Amino acid sequence: MVGDSVRVVVSSMPTGLKFQYPETSGLKAERDATEHNRRVVMDSTIDNWVPYYVLEDGSGRVIREGALLDCTNAHHPEEFSGLEMLTVLTVDLDNSLNIDDAVGVMAAGNIVYSSTDAMYIASAAWQNWQLFEDADAEEAMEEYTTDIHKFDISDPTRTKYVATGRVTGFMLSQWSMSEYDGHLRVATTSSPDWWWGAERQSESFVTVLEEQEGELLEVGKVGGLGKGERIYSVRFIDEIGYVVTFRQTDPLYTIDLSDPTSPEVVGELKILGYSAYLHPVGDGLLLGVGQDATEEGRTLGTQVSLFDVSDLANPERIHNYTLDDGYSSVEYDHRAFLHWPQTGLTVIPVQVWSWDEESETESGFSGAIAIEATRDGIEEIGRITHTPEKEGEEYWWGPGIERSLVIGDSLYTYSYEGILESDLDTIEPGTFVSFWGS
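The rules we used
Residues numbered from 1 in each chain as written. Predicted model: local features only at pLDDT ≥ 70, side-chain atom pairs only at ≥ 80, totals over all residues. Heavy atoms only, no water. Helix = DSSP H or I, 4+ residues; strand = E, 2+ residues; numbered from the N terminus. Contact = heavy atoms within 4.5 Å. Core = buried A, V, L, I, M, F, W, Y, C linked by side-chain atoms within 4.5 Å. Buried < 20%, exposed > 50% of the residue type's maximum accessible area, 1.4 Å probe, protein only. Pairing = 2+ DSSP bridges. Salt bridge = Lys/Arg side-chain N within 4 Å of Asp/Glu carboxyl O. Phe/Tyr/Trp six-rings, centres within 6.5 Å; stacked < 30°, edge-to-face > 60°. Lys NZ or Arg CZ within 6 Å of the ring centre and 35° of its normal.

Student: Help me understand the environment of proline 22, please; the structure alone is not making it clear to me.
Tutor: If you trace the backbone, proline 22 turns up in the loop between strand S1 (5-12) and helix H1 (27-42). C-alpha separation for the pair proline 22 and threonine 34, spaced twelve residues apart in sequence, amounts to 8.3 Å. Excluding residues that lie within four positions of it along the chain, proline 22 makes contacts with Ala29, Glu30 and Ala33.

Next comes the structure, spelled out in structure tokens:
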């Protein structure tokens with residue numbers, strides 16, 4: 001959402017194409033199927049490739065329906081990028097939620113990042129796996145790249161597809177992309193998170209792209225980050241990039257991007273564990289949320305780290321806070337994280353489960369922790385839980401807190417059980433509204 005304009009990204013497959021697989025083994029069956037499929041494609045129409053939509057009002061009455069895209073707004077990259085149609089819808093919230101514009105490109109897409117003027121959609125590049133039938137998986141991984149498609153959203157009423165580019169490796173999330181002064185910075189790892197080849201030495205990169213005549217072209221690159229590891233978190237802030245890689249230890253890299261044609265790693269900090277989310281908290285400080293770990297890389301529980309990055313060449317972890325056997329949804333969902341700069345409050349959902357083998361009992365906590373992180377330390381100022389009270393019974397396991405929000409002088413937390421209002425200063429619980437009526 002930018003202003004009153006919302007862009008909705010939709011991925012759809014072609015419909016009504018009755019492809020045929022070889023009915024038996026052998027060359028003739030393969031040729032027959034290939035010829036049949038070739039005719040299916042040649043006989044197809046635009047309706048097979050462009051998604052169809054139905055627009056209804058609140059009562060379910062159909063207002064409009066038809067092809068979502070006009071032919072002139074359906075594009076394809078010069079190099080085949082898959083059969084999906086990636087569509088960006090422009091919706092004006094001041095205009096009765098009408099779809100004012102739709103533009104598409106024939107490609108896959110699953111990671112979306114946007115500045116105020118441009119939207120970038122990325123996905124692992126399409127691969128013809130038949131090319132690797134006689135090669136091992138290690139060689140196939142070497143060929144992996146990520147495609148990035150750029151859309152101009154500077155006009156609030158329409159979206160324009162403008163360029164496509166490609167970078168080496170796999171992208172972690174939307175935090176892996178950042179636009180600054182007309183350049184797109186992209187952080188990738190040479191192998192995906194689901195692949196660890198026995199002999200493979202992965203590495204990570206930060207690549208700088210610039211739009212030139214319909215292409216996103218590489219103008220700068222730095223590699224060699226985290227050999228044998230993969231990226232766990234990324235944060236770009238103006239001309240600086242922060243990248244965390246992990247396998248057994250957690251190097252935090254600081255990267256100078258002031259010259260987009262020559263990005264440079266200027267600092268590195270190795271600690272145990274990793275940060276899966278990074279957030280600036282002012283005064284040259286960076287807060288990380290992730291996991292503590294042993295020297296062998298075995299995770300131990302939730303870890304909150306406070307980094308002093310005021311000297312890029314010498315980043316330091318000045319404080320850390322741990323919860324043994326804890327896990328936080330912030331590791332994969334940044335929307336679960338809240339930092340309120342006005343008071344320094346940070347709220348982090350956590351789930352803790354422990355098992356005592358000696359007594360054969362379990363214990364834990366389900367809710368959120370409220371902390372303050374400053375140069376003086378990380379202090380827990382309260383815990384929030386939506387766990388129902390049960391008289392005469394020790395009961396600790398309850399719904400996980402998924403979101404937190406500040407309104408006025410109150411902190412509101414949300415779970416599937418309901419919404420709790422707490423005092424913003426003391427974190428003392430107040431009114432709880434149950435979704436279940438009791």
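Student: I tried to follow the nonpolar core on my own but got confused; where do I start?
Tutor: A general trend in soluble globular proteins is that nonpolar side chains are found buried together. Grouped together as the largest cluster of nonpolar side chains are 19 residues, with contacts concentrated most on Val304, Val330, Phe337, Ile348, Ile369 and Ile378. Among the secondary structure elements, those contributing two or more residues to this core are strand S21 (285-293), strand S22 (299-308), strand S23 (316-324), strand S26 (345-356) and strand S27 (361-374). Looking at this core element by element, the count peaks at four residues for S27. In this view, isoleucine 369 contacts Tyr321, Leu323, Thr346, Val347, Ile348, Val350, Glu380, Gly382 and Arg383; residues no more than four positions away in its chain are not counted.

Student: Please explain the sheet that holds strand S6 (residues 99-105) as it appears in this structure.
Tutor: Strand pairing in a sheet is mediated by backbone hydrogen bonds. Such pairs are either parallel or antiparallel. Taking strand neighbours across the sheet as the criterion, the four strands line up as S1-S5-S6-S4 in an open arrangement whose pairing is mixed. The strands lining the two open edges of the sheet, one partner per strand, are S1 and strand S4 (74-75). Here two bridges tie S4 to S6, and the two strands are oriented parallel to one another. Within S6, the residue paired with alanine 74 across the bridge is glycine 104.

Student: Teacher, can you tell me more about the pattern of salt bridges here?
Tutor: Between side chains of opposite charge, a pair can form when the charged atoms approach closely. For the coordinates displayed, the defined rule picks out ten salt bridges. In this structure, arginine 403 engages aspartate 333 in a salt bridge whose closest nitrogen and oxygen atoms are separated by 3.2 Å. With arginine 403 in strand S29 (residues 403-407) and aspartate 333 in the loop between strand S24 (326-327) and strand S25 (338-340), this pair connects stretches of sequence that are 70 residues apart. Taking relative accessible area as the criterion, aspartate 333 reaches 17% and is therefore assigned buried. One network of salt bridges, in which partners are shared, links Glu79, Asp147 and Arg166.

Student: Is there a simple way to think about the pairing of strand S28 (residues 377-384) in this case?
Tutor: Both faces of the sheet carry side chains from a regular strand, because those side chains alternate between them. Of the strand pairs in this sheet, S27 and S28 are connected by seven bridges, and their pairing is antiparallel. Opposite alanine 370, over in S28, you have glycine 382 as the bridge partner. Taking the residues between adjacent antiparallel strands as the criterion, S27 and S28 are bridged by two residues.

Student: How do you make sense of the packing of aromatic side chains when you look at a structure like this?
Tutor: The description of an aromatic ring pair rests on the distance of the ring centres and on the angle between the ring planes. Scanning all chains against the criterion turns up nine aromatic pairs. Ring plane angle 70° and centroid distance 5.8 Å describe the contact between tryptophan 175 and tyrosine 277, whose orientation is recorded as edge-to-face. Taken as a pair, tryptophan 175 in the loop between strand S11 (170-171) and strand S12 (177-180) and tyrosine 277 in strand S20 (residues 274-282) lie far apart in primary sequence, 102 residues in all. Owing to a relative accessible area of 24%, tryptophan 175 belongs among the partly exposed residues under this scheme. With a relative accessible area of 6%, tyrosine 277 lands in the buried category. With 6.4 Å between their ring centres and 20° between their planes, tyrosine 327 and tyrosine 332 make a pair best called stacked. An aromatic cluster is defined as three or more aromatic residues linked by ring pairs; in this entry it consists of Trp175, Tyr277 and Phe337. Stacked on the ring of phenylalanine 205, the Lys or Arg lysine 221 has its end atom at 4.6 Å from the ring centre. Lying across the ring of phenylalanine 365, arginine 383 places its NZ or CZ 5.0 Å from the centre.

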